[in-house]
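# Fold and contact review
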Amino acid sequence: MALVNIISAIGNNSSVYPLIVRDCGIEVPTKIALTYNQNKKESKEIAYLAARERFLDEYATSAVWLGGIPLVGWLCDKFIKSKGLNPKVNLKLFKEEAGVQGIDYNIKKFKETAPEAVKDLLKAKENKKLYEKLLAGKFVASTAIPILFMGFILPKMVFASSAKKIAEQRQKEQQQMNFVQKDKFISFTGGSWITKAANFSAQDKMAVTDGGYAVGRVMTARNKNETYDIAFKMAGMMFLNFVAPKWIEKGLNKLTGVELDPIILADKNFSSQIKTNSLKLPKSSDAKDLLDFVDNIKNKDTLFVKYAKKFGKITMLDNGVRDPRAYVDIKNLAKFRNDLESFAKKAKISGDKLFKSARIAKSANILTNIALSSFLLAYALPKAQFAFRKFITGSDLEPGLAPAKDKV
């Protein structure tokens, strides 16, 4: 079961886990090696500096990605709470969905079953403008601060470090060869959106941060050729990190016909309930039927509620009541309900063998996605970047480190 949990985690393309595996475990080490080998064709000294820059840059960026963004968000939440408001209240609730959900609807519906959460809703309603400003500030802080560091401060630090290394190398060469090589290296100086932004996932914030980080890297490039080189790399990285994996996932799921997570497929209670016709699901994928089912306290221990909660489709309080502060993506919840129903119908016909084959197929889909997206990021993109660089500059060397004679 532990293996299934691991595969499930890295297969969730809405979370940070696939990024951790691809970024820290596969992509960065491979890119460092490729960078060294590419530059070594013309200069071992430049190759060392380029690999060193890549190491410092990539792992410092990963640290900000995985630690800095959540830390800033946590600090902002503490500040919001100090103002007497709870950041768990979803701004989407201010737009009432008649008979389904909304701040007034939820206050009325949950005033007896979730009184503390309703107090948070009332405070947010009474201080809507302030709450919106605080959430807007949280979004700006949790993206602007990492962008400033990764896009502007970090590259300057890395460039300065490389400049120091180059100066040391020059001095060493001067001492050994007793002459000065002039001009060899370049100089190294030199309203509705709030609602959407407030509900960004950690990965969504990473994507926004990456965009700002990319702009910063382009703006801090050391010369024109490096600007082109970085722009090409960053565009490719954003696509392969945040878009391609979801496309690959959809394609593989369609190919195998398996949508459910391996954790669900490995749950013996799931197979048992299908066999005994005791699997309880909402009557339909209609919004009212879905929420009526979830809000019926008798259904709090059903597999539907259990896994809808586990995979973030609904948020539940400790007493088994749905959190009235959280917004429910009805479309997402309806798809989950329909996927369960569809698989259950197939399993009644095929029996136990379907569970095993589906679990293997879904696990294979996840591992294939990780392997393919990692290959594209760690190998295909750098190779494409090197080819683009050669076409633009006529050299294999890093444009920001190449001697002046290699620039155009």
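Up top you'll find the structure we're talking about.
We now turn to the structure provided with this report. Throughout this document, residue positions are counted from 1 along each chain, in the order its sequence is written. Thresholds applied to this predicted model are a pLDDT of at least 70 for local features of residues and 80 or more for the giving and counting of side-chain atom pairs; totals over whole chains, interfaces and linings are not thresholded and use all residues. The basis for the side-chain values is all heavy atoms of the structure; hydrogens and waters are excluded.

Our next topic: the overall build of the chain. Assigned secondary structure in the chain consists of 16 helices and 0 strands. Using a 1.4 Å probe, accessible areas were evaluated by the Shrake-Rupley method; residue-level cover was limited to the displayed protein chains. For the chain, the accessible surface area stands at approximately 20,600 Å², while carbon and sulfur atoms represent 59% of it. For helices the rule is a DSSP run of H or I covering at least 4 residues; for strands it is a run of E covering at least 2, with both sets numbered from the N terminus onward.

Stacked, edge-to-face and tilted labels apply to pairs of Phe, Tyr and Trp rings (six-membered ring for Trp) whose centres lie within 6.5 Å, assigned for plane angles under 30 degrees, over 60, and everything in between, in that order. All told, the structure shown has 10 aromatic pairs when counted by the stated rule. Relative to Phe 311, the ring of Tyr 307 lies with its centre 6.1 Å away and its plane at 20°, an arrangement referred to as stacked. Within the aromatic cluster, the residues linked to one another by ring pairs are Phe 270, Phe 343 and Phe 355.

On the secondary structure map, Gln 101 appears in the loop between helix H3 (44–82) and helix H4 (103–110). In terms of polar contacts, Gln 101 uses its side chain to reach the backbone carbonyl oxygen of Val 328, at 2.9 Å. We call two residues in contact when some of their heavy atoms are within 4.5 Å. If we skip the residues at most four places from it in the chain, Gln 101 touches Leu 93, Lys 95, Glu 96, Asn 106, Ala 326, Tyr 327, Val 328 and Ile 330. N or O atoms within 3.5 Å of each other form a polar contact, as long as, within protein, one can give a hydrogen and the other can take it, and as long as residues adjacent in sequence are counted only when both atoms are side-chain atoms.

The classification of residues rests on relative accessible area computed with a 1.4 Å probe and restricted to protein chains. Under 20% of the type maximum is buried, over 50% is exposed, and intermediate values are partly exposed. Regarding H4, the residues found buried are Ile 103, Asn 106, Ile 107 and Phe 110. End-on, the buried residues of H4 take up no more than an arc of 105°, which puts them together on one face. What the arc covers is the set of directions going from the helix axis to the C-beta atoms.

This part takes up the nonpolar core. General note: in soluble globular proteins, nonpolar side chains tend to be found buried as a group. Only buried residues count toward a nonpolar core, which is a set of Ala, Val, Leu, Ile, Met, Phe, Trp, Tyr and Cys residues joined through side-chain atoms within 4.5 Å. If you look at the biggest cluster of nonpolar residues, it comprises 35 residues, and the most contacted ones within it are Phe 270, Ile 274, Phe 304, Ile 314, Leu 333, Leu 340 and Phe 343. Mapped by element, the contributors of at least two residues to this core are helix H11 (262–265), helix H12 (268–275), helix H13 (287–295), helix H14 (303–310), helix H15 (330–350) and helix H16 (352–393). Looking at which element gives the most residues to this core, the answer is H15, with 8 residues. Apart from residues lying up to four places away in sequence, Phe 343 is in contact with Leu 260, Leu 265, Phe 270, Ile 274, Leu 354, Phe 355 and Ala 358. Among the nonpolar cores identified, the runner-up in size contains 19 residues, and Leu 93, Ala 124, Leu 134 and Val 321 belong to it.

Here we come to the packing of H14 against H15. Here, axes are lines fitted to C-alpha atoms. For helices the fit covers the stretch in contact, and angles between N-to-C directions go from 0 to 180 degrees. Contact geometry for H14 and H15: axes closest at 11 Å, N-to-C directions at 130°. On the basis of the axis angle, H14 is oblique to H15. The interaxial crossing formed by H14 with H15 has right-handed handedness. Taken together, the residues of H15 that come into contact with H14 (itself represented by Phe 304, Tyr 307 and Ala 308) are Leu 333, Phe 336, Arg 337 and Leu 340. Residue type decides the class: Asp, Glu, Lys and Arg count as charged, Ala, Val, Leu, Ile, Met, Phe, Trp, Tyr, Cys and Pro as nonpolar, and the leftover types, Gly among them, as polar. Along the lines of polarity and charge, the residues of the contact of H14 with H15 split into 6 nonpolar, no polar and 1 charged. Reported orientations rely on four angle classes, namely roughly parallel under 35 degrees, roughly antiparallel over 145, roughly perpendicular from 65 to 115, and oblique for the rest. In a left-handed crossing the near helix is turned counterclockwise from the far helix by less than a right angle, and in a right-handed crossing that turn is clockwise.

A few words on the packing of helix H9 (residues 224–242) against helix H10 (residues 244–256). The geometry of a pair of packed helices is captured by two quantities: the angle between their axes and the separation between those axes. It is the contact of H9 with H10, at a shortest axis distance of 3 Å, that shows an interaxial angle of 35°. Seen from H9, the contacting residues are Phe 239, Leu 240, Asn 241 and Phe 242; seen from H10, they are Ala 244, Pro 245, Lys 246 and Trp 247. Grouping the amino acids of the contact of H9 with H10 by side-chain chemistry returns 6 nonpolar, 1 polar and 1 charged.

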